[in-house]
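Overview (structure and organization)
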Amino acid sequence: MRFQVWHMIVLLVLVLVVFGSSRLPDIAKSVGQSMKVFKKEIKELRDEDDDKKPAAQIQQPQEGTYYTEPTQSGQTAQSTEGSSQK
């Protein structure tokens, strides 16, 4: 189903009837502010992901150390002695 011009007109008339003409500017303002905050949060999440990508490299075990579990990005591996290495 494709939206046509008359769909938008009917939708606008319904919104006008339900909310009234006096509240429409307030509703539009709050929707605009919400979209601004949403876009800002999405941008911050993308920037945060971009910052983490270089740190996601696999760490090679040091000579003489035996690791029981593979490491994930952002975590340190533990040796069989139970000490963590940073």
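As the structure is a computational prediction, the values presented were derived from the model and not from experiment. (Residues numbered from 1 in each chain as written. Predicted model: local features only at pLDDT ≥ 70, side-chain atom pairs only at ≥ 80, totals over all residues. Heavy atoms only, no water.)

Here the focus is the overall build of the protein. Along the protein, the regular secondary structure elements total two helices and zero strands. Among the 86 residues that make up the protein, the fraction classed as buried is 3%. As displayed, the protein offers around 8,400 Å² of accessible surface, 57% of which is attributable to carbon and sulfur atoms. (Helix = DSSP H or I, 4+ residues; strand = E, 2+ residues; numbered from the N terminus. Buried < 20%, exposed > 50% of the residue type's maximum accessible area, 1.4 Å probe, protein only. Areas by Shrake-Rupley, 256 points an atom, 1.4 Å probe, with all protein chains shown as cover.)

Let us look at the side chain of H7. Among the secondary structure elements, H7 is positioned in helix α1 (residues 5-19). Residue H7 is classed as buried on the basis of its relative accessible area, which comes to 19%.

Turning our attention to α1. Across its 15 residues, α1 extends 21 Å between first and last C-alpha, which sits within 8% of the 21 Å expected from 1.5 Å per residue. G20 lies just past α1 and shows a positive phi near 85°. (Expected span 1.5 Å × (residues − 1).)

Bringing the pattern of salt bridges into the picture now. Per the stated rule, a full pass over the model turns up one salt bridge. The salt bridge involving K43 is made with D47; its shortest N-O contact spans 3.9 Å. Within this pair, K43 and its partner D47 are both found in helix α2 (residues 24-52), separated by four residues, close to a single helical turn. Exposure remark for K43: the relative accessible area of 54% places this residue in the exposed category. Given the relative accessible area of 35%, D47 is considered partly exposed. (Salt bridge = Lys/Arg side-chain N within 4 Å of Asp/Glu carboxyl O.)

Attention shifts here to a nonpolar patch on the surface. The grouping of V5, I9, V13 and V17 at the surface amounts to a nonpolar patch, some 400 Å² of accessible area in total. As for its position among the elements, V5 is in helix α1. (Patch = residues over 30% accessible without salt bridge, like charges linked within 9 Å, V, L, I, M, F, W, Y side chains within 5 Å.)

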